[in-house]
Amino acid sequence: MDSILIQGGVALQGKVRIQGSKNAALPVLAATLLTGEGSLIKNCPRISDVYAMVSLLKGLGCSVCWQENGISIDASSVQRCEIGDRAVTGMRSSLCLLGALIGRCGRVVMEHPGGCVIGRRPIDLHLAALEQMGVAFQEEGGKLRAEADRLCGAHIVLPFPSVGATENVVLAAVLAEGDTLLEGAALEPEVETLCRYLKCCGARIEGAGGGTLLIRGGRRLCGTEFAIPADRIVAGTYLFGCIGAGGSVFLEEAPWQEMGAVLRLAEDMGGRICTSREGIYVQAPCRPAAAGCVRTAPYPGFPTDLQSVVLAVAAAADGESLIRETIFENRFRVVEELRRMGAVIEEEGVDVVRVRGTERLRGARVESRELRGGAALAVAGIMAQGETAVTGCQYIYRGYENICRDLRELGARVTSA
Ligand code: EPZ
């Protein structure tokens, strides 16, 4: 069941509830290691990255139980601090276990989380920050060993607002001795969600949501009940899917407050957007207008995770679009697949592509090679005339609970094969 069949060219009509956020859930699941009691994490998305994280937590000694409304995790009996090789190699987002385990056990052994299709994904910022807190690292035989005799608070300035490095510093700092002042922190909403979870557990964190965080360490944390917010990238995927395919849809629980740059671009491309407490209503234009010049950037800039989806919609827009990717060095892999569907895309340098909109994309057999590129191919498929088969969908299931179900609820003709 790793391919999707789409009969495209049908305008969308309908509503869909947006799932819990992958990039919020993963660091919160890692943070449950820091409490001596159980937590219930509600609205946790049922996606393969979460399943992989859960298996890592179980391997460390956590007791885990999926429930109707979420997942309960109790880390009180965690003894181990070595993370199984296989799982980590396959999943970059387990990197946030580094900070959590350093905070909990004072040592970690894990396989060096390598790069992936979209980039080398170095961890120098993580290591430099944690070294300032007293962590010593050794890299040998593909393994990363971390040890801290005394984990101490520090004044850390991140030269780039790395989401993962920010999360690892927060996770290590809440149980460290003394205070940690973190400047240059990532502003992504997922960082604020992590801080909110930890504060519900009793942590003292000031400045959550801003670029300077003060984490007062040393407090024993309790368990809590916590709800993961909706996924802004999944919401943006379906929002641009509607802009490209036409029609009108309602995205229940879509976190529009975190989607300013996304909504502005959707309106620039001709969408009519209405937001309410319940979510986002989108009315598509007859044909999307060109995206103009789009530049991905750290939050609150346009999110890199929606760049491929915008590329797909721009491929059938009225006019030329210029897309510049500033976060990851290899995030245009989906271009070759979109060209198979008739897209006219020229690479102008390593980080810029020029898209000349064509009247209509044509269905084709295409392969997804990573999560967000795969989602973009599904969007291209609902826009295209004819049938599209998207293979390699195991990548899509890393971040989308059930993209076929969701797109069908929006009126698309999609089946999984
Ligand atoms: C998080 O990745 C997200 N993943 C990514 O989502 C997202 O694209 C990214 O943030 C940017 O918003 C999760 O939250 C699990 P970074 P992360 O550290 O933390 C460089 C998805 O599709 N860098 O902010 O790895 C790095 O190479 C995924 O859901 C260093 O150079 O992102 C990249 O160019 C993809 N050294 C840039 O910073 C470091 O030590 C942004 O990385 C760390 C990062």
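Computed from a predicted structure; not experimentally measured.

Calculation notes
- Residues numbered from 1 in each chain as written.
- Predicted model: local features only at pLDDT ≥ 70, side-chain atom pairs only at ≥ 80, totals over all residues.
- Heavy atoms only, no water.
- Near = heavy atom within 4 Å.
- Polar contact = N/O pair within 3.5 Å; in protein donor to acceptor, adjacent residues only side chain to side chain.
- Areas by Shrake-Rupley, 256 points an atom, 1.4 Å probe, with all protein chains shown as cover.
- Helix = DSSP H or I, 4+ residues; strand = E, 2+ residues; numbered from the N terminus.
- Salt bridge = Lys/Arg side-chain N within 4 Å of Asp/Glu carboxyl O.
- Buried < 20%, exposed > 50% of the residue type's maximum accessible area, 1.4 Å probe, protein only.
- Core = buried A, V, L, I, M, F, W, Y, C linked by side-chain atoms within 4.5 Å.
- Contact = heavy atoms within 4.5 Å.
- Domains from an automatic or database assignment.
- Buried area = accessible area lost by both parts, 1.4 Å probe.
- Pairing = 2+ DSSP bridges.
- Axes fitted to C-alpha atoms, helices over the stretch in contact; angles between N-to-C directions.
- Phe/Tyr/Trp six-rings, centres within 6.5 Å; stacked < 30°, edge-to-face > 60°.

Draft legend 1. Up close: the site of the ligand. Lining the immediate surroundings of the ligand are 23 residues, of which Asp124, Leu125, Ser162, Asp305 and Ile327 lie closest. Here an oxygen atom of the ligand sits 2.9 Å away from a polar atom, N or O, in the side chain of Lys22. Arg372 places a side-chain nitrogen or oxygen 2.8 Å from an oxygen atom of the ligand. Relative to its unbound accessible area of 820 Å², the ligand is 87% covered by the protein chains. Breaking the shell around the ligand down by element, the ones donating at least two residues are helix 1 (22-31), helix 5 (124-131), helix 6 (163-173) and helix 12 (371-383).

Draft legend 2. Examining the pattern of salt bridges more closely. All chains considered together, the criterion is met by 29 salt bridges. Between Arg333 and Glu336 there is a salt bridge, with its nearest N and O atoms 3.9 Å apart. Relative accessible area serves as the criterion here: at 29%, Arg333 is assigned to the partly exposed category. Glu336 gets classed as partly exposed once you look at its relative accessible area, which sits at 39%. One network of salt bridges, with partners in common, ties together Glu320, Glu346, Glu348, Arg354 and Arg356.

Draft legend 3. Representation of the nonpolar core. Grouped together as the largest cluster of nonpolar side chains are 75 residues, with contacts concentrated most on Ile4, Tyr238, Leu239, Phe240, Leu251 and Leu311. Contact partners of Phe240, with chain neighbours within four places excluded, come to Val262, Leu265, Ala266, Met269, Phe302, Val309, Val310 and Val313. Residues Ile102, Leu125, Leu144 and Ala173 belong to the second largest nonpolar core, which totals 73 residues.

Draft legend 4. Broad picture of the domain arrangement of the protein chain. Here the protein chain is partitioned into domain 1 (4-19 + 230-416) and domain 2 (22-227). Summarising the inter-unit geometry, the C-alpha centres of domain 1 and domain 2 are found 30 Å apart. Listed as interface residues are 26 residues of domain 1 and, on the opposing side, 21 residues of domain 2. For the pair domain 1 and domain 2, the two sides together bury roughly 1,900 Å², of which 50% comes from carbon and sulfur. It is Tyr299, Arg398 and Glu401 in domain 1 that bury the most area against domain 2; as a group they hold 30% of the surface buried on that side.

Draft legend 5. Quick peek at the sheet that holds strand 21 (residues 365-367). In spatial order, the strands read 21-22-1-23; together these four strands make up an open sheet with mixed pairing. Lying at the two open borders of the sheet, with one neighbouring strand each, are strand 21 and strand 23 (413-416). Taken over all neighbouring pairs, the strand axes of this sheet differ in orientation by 20 degrees on average, direction set aside. The sheet contact formed by strand 1 (residues 4-8) and strand 22 (residues 386-391) spans five bridges and is antiparallel. Paired with Leu5 across the two strands is Ala389, which belongs to strand 22. In the packing of helix 12 onto the sheet, contacts are made with strand 1, strand 21, strand 22 and strand 23, and the angle to strand 1 comes to roughly 35 degrees.

Draft legend 6. Layout of the side chain of Arg232. Looking at where Arg232 falls in the secondary structure, it is placed in helix 8 (residues 232-245). Not counting chain neighbours up to four residues away, the residues in contact with Arg232 comprise Glu188, Pro189, Glu190, Pro255, Glu258, Met259, Tyr299, Pro303 and Leu306.

Draft legend 7. Structural view of the packing of aromatic side chains. Scanning the entire structure with this criterion turns up four aromatic pairs. Summarising the aromatic geometry, the rings of Tyr197 and Phe226 are spaced 5.5 Å apart at their centres and angled 75 degrees between planes, so their arrangement reads as edge-to-face. Of this pair, Tyr197 sits in helix 7 (residues 189-200) while Phe226 sits in strand 13 (residues 225-227), and the two are 29 residues apart along the sequence. Taking relative accessible area as the criterion, Phe226 reaches 4% and is therefore assigned buried. Between Phe240 and Phe302, the aromatic rings sit 6.3 Å apart at their centres with planes inclined by 65 degrees, giving edge-to-face as the arrangement. Of this pair, Phe240 sits in helix 8 while Phe302 sits in the loop between strand 17 (292-295) and helix 10 (307-314), and the two are 62 residues apart along the sequence. Each member of the pair Phe240 and Phe302 is classed as buried.

Draft legend 8. Structural view of the environment of Ala312. Along the chain, Ala312 turns up in helix 10. Put simply, Ala312 and Gly357 are 45 residues apart on the chain and 9.7 Å apart in space, counted from C-alpha to C-alpha. In this view, Ala312 contacts Leu338, Leu361, Ala376, Ala380 and Met383; residues no more than four positions away in its chain are not counted.

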